[in-house]
Amino acid sequence: MSSLPPALRPWAESLALFPEELAVHLGPFVARLSAAMGTLRPRGETEGGEPQGYDGITRRGSFDRLLVSEWLWALEAPDELVRRAAYGELSFLKPAFRQPQGARRIVVLLDAGPDQLGNPRIAHLALLIVMARRAQAAGASFAWGVLQASPERGTYSEVTPSVLLTWLAARDVEPPTAERLAAWHAALSLGDAPEETWLVGSARLARLPGAQSMSRIEVMEVLVPEERKLTVDVRPASRPVRSIVLDLPPPDDSIRLLRDPFQSRVAKPVSMAGRPKASSFHFSADGFRLVMFHSDGGVSAMAIPDSVSSTAPRPRRMKLQPGHLMLAAGWRSNGGLLALMERADRYVLHGTLKSQPPRADASERRPVTERWTPGHASERPAAHSGLGRLFSWRDRDGESVLLLTRTGELFLVYLVKAEHKVELMALDNSVTAMARIHGKLVYVRSGPSVPVGTGLRGLYPVSPNPPNVCKPVYIAPLEGPPSPARTTLHVVGPDASTSTVLEARGGEAFFGHAVGVKVPGDSGLLAMSHGPRVWRLFLEGSVQDIMVPPGFFVVGVGCWHGAPGQAGLVVLGPDERTLSWFGAKEHHVLTRASAPVVHAETSHATSLLGLLTQTGEMVLLDLRDGQVRYRATAEGS
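Residues numbered from 1 in each chain as written. Predicted model: local features only at pLDDT ≥ 70, side-chain atom pairs only at ≥ 80, totals over all residues. Heavy atoms only, no water.

Considering the sheet that holds strand 37 (residues 628-633)
Alright, step 1. Spatially, the five strands line up as an open sheet ordered 9-37-36-35-34, and their pairing is mixed. At either margin of the open sheet sits one strand with a lone partner, and together these are strand 9 (270-271) and strand 34 (597-602).
Alright, step 2. Both strand 9 and strand 37 contribute to a ladder of two bridges, which runs parallel. What sits directly across from Ser 271, in strand 37, is Thr 633. (Pairing = 2+ DSSP bridges. Helix = DSSP H or I, 4+ residues; strand = E, 2+ residues; numbered from the N terminus.)

Observations regarding the pattern of salt bridges
Alright, step 1. Scanning the entire structure with this criterion turns up 22 salt bridges.
Alright, step 2. The salt bridge partner of Arg 83 is Glu 89, with a shortest N-O separation of 3.2 Å.
Alright, step 3. Assessed through its relative accessible area of 34%, Arg 83 is described here as partly exposed.
Alright, step 4. Of the residues examined, Glu 89 reaches a relative accessible area of 27% and is grouped as partly exposed.
Alright, step 5. A salt bridge links Arg 317 to Asp 296; the shortest N-O distance between them is 3.3 Å. Of the two residues, Arg 317 sits in strand 13 (residues 316-318) while Asp 296 sits in the loop between strand 11 (289-294) and strand 12 (299-303), which places them 21 residues apart along the sequence.
Alright, step 6. For Arg 317, a relative accessible area of 33% translates into the label partly exposed. (Salt bridge = Lys/Arg side-chain N within 4 Å of Asp/Glu carboxyl O. Buried < 20%, exposed > 50% of the residue type's maximum accessible area, 1.4 Å probe, protein only.)

Notes on the environment of Thr 498
Alright, step 1. Locating Thr 498 in the fold gives a position in strand 25 (residues 497-501).
Alright, step 2. The class for Thr 498 is partly exposed, based on a relative accessible area of 45%.
Alright, step 3. Considering only alpha carbons, one finds Thr 498 and Val 442, 56 residues apart in sequence, at a separation of 9.7 Å.
Alright, step 4. Aside from chain neighbours lying at most four places away, what touches Thr 498 is Leu 489, His 490 and Val 491. (Contact = heavy atoms within 4.5 Å.)

Here's the deal with the pairing of strand 6 (residues 215-221)
Alright, step 1. For strand 6, the tally of buried residues reaches five of seven residues, placing the bulk of the element in the interior.
Alright, step 2. Relative to strand 6, strand 5 (residues 196-201) runs parallel, the two sharing four bridges. When the sheet's bridge partners are listed, Gly 201 is paired in strand 6 with Glu 218.
Alright, step 3. As paired elements, strand 6 and strand 7 (residues 229-235) share six bridges and run antiparallel to each other. By the bridge assignment for strand 7, Ile 217 is matched with Val 234.

Brief notes about the packing of helix 2 (residues 20-37) against helix 5 (residues 120-138)
Alright, step 1. Contact pair helix 2 / helix 5: the axes reach a minimum separation of 9 Å and the direction vectors enclose 55°. By the angle between their axes, helix 2 is oblique relative to helix 5. In the crossing of helix 2 with helix 5, the sense of the turn from one axis to the other is right-handed. Here Leu 26, Phe 29, Val 30, Leu 33, Ser 34 and Met 37 of helix 2 come into contact with helix 5, specifically with Ile 122, Ala 123, Leu 125, Ala 126, Leu 127, Ile 129, Val 130, Met 131 and Arg 134. (Axes fitted to C-alpha atoms, helices over the stretch in contact; angles between N-to-C directions. Parallel < 35°, antiparallel > 145°, perpendicular 65-115°, else oblique. Left-handed = near helix turned anticlockwise from the far one by under 90°.)

Written out as structure tokens, the structure is:
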């Protein structure tokens, strides 16, 4: 705790429970709340107790406790002894008393209901530290509990990591009731007038019968845009109200304080023994699912745990049927696994497409292809070219499924109901990155653009039956040759589409999740290669170039909690095990894998980094706090 400011060092022992970066944020809460509470004065000797020798000298007392030196006056100058006694100048031994522990106590009952969920509980956490220290300084006993809990479970007398983790998990959807307060009143004998009984919660507690005679601490979140503050009113039963305003820690640190401030929880490894090893993966379009391809040709989708303490759900698996080859998979926006497979005679789509009911203006409905820039597909997608990604997208005309291949071709997947088969329609090519952002599909295209005037009649379904190999999807431009290569950002909305030229030389691109960094509303956080070892980040109103050392490979873009307010690249080192974060001014090592990494990428919707090793170990690292949220290994250890 050497990094604590001087004003917080008196609290170093209490704050030592937490990591230093969290103690610095929690310390001001503790110091200001302690000043507002004041101290609990210890009992004096005049209140009696068990005698415990002498403690100093006093001017009052009985003559059996008169100092031996004072008796000299009786022998040498009796009149002076009488005078000193009359004027109170004699010295006596001062008796000491031992105060019985538990005769005084501090009782704290905290509201864990809906009024206090979230940021107000940070103030509760600081108050528990203050109350424990207050009781210790006054020689009083300390008891605290949760209002919504049953008194039969008893109270806590300490503030330790294990106890606080139990309290953090004690959340309730019901507000405190008068019956529950009466039960605590009887269980703790609060009618015997303890010196201090505190209710901690919202102003609603004052309306409970029996709460008026107790001291209260009211915690409220300031509901003002762009402000992260708490208002705390300390209302002792016999003193004036004291109000303070506390600035909340940054969002990421607030989440850590409310979830696991001690970093004692780690994601329990999940055993993959007996299951096919994963060969590759990708994040779903909404960022809440992990789609994994397996060595046996099957595919699975798993809900991502929202914290390290959450139970990892079993993945939803789909086994490959005989004669089928997996082409691509994805997770639809309204739930359900989508998988596109190839047979000898046709394509097969696992997952029923959902369409909107017919509308009155159906005759005016525009073809879906008009929302894309005309392009061409160099070859028919096949399993040997690598596993692609499926994007499910809904608009006013129904649900559309798009296939993005490993080679950058973009296809529309649709069902020919009359023939009961699945067909593909080529939409674009040279697509280097694609994501769904704010309900729109956004993708980067790097390559020769097609001049305006190229006919959409060149877009036609691609038959999977040989020998009809895919031919160019666009016919020759009507005027002039194709324009030179350029990089464009395409935003495909339900009613209209836009295209923007990017100031980059093209190549690889990644979408990422921004935390505390202002980025364009349409594309979010975007990084693109801009020459040998140079990558360009597109931020709101500016661009930022980052140099990547030789031998390092970029696998994504995002924000790291160790560099707040900055965006950077996530790169894999030359050893194929070390993953690092590279910003414009600094870099940090994120993690080191247990075996060479075969695939790694970041999510565009959440602050997650996923990596897969040669041994089949799958790891999800939360970039907001550096904790491993999920780990699956062959042995589960």
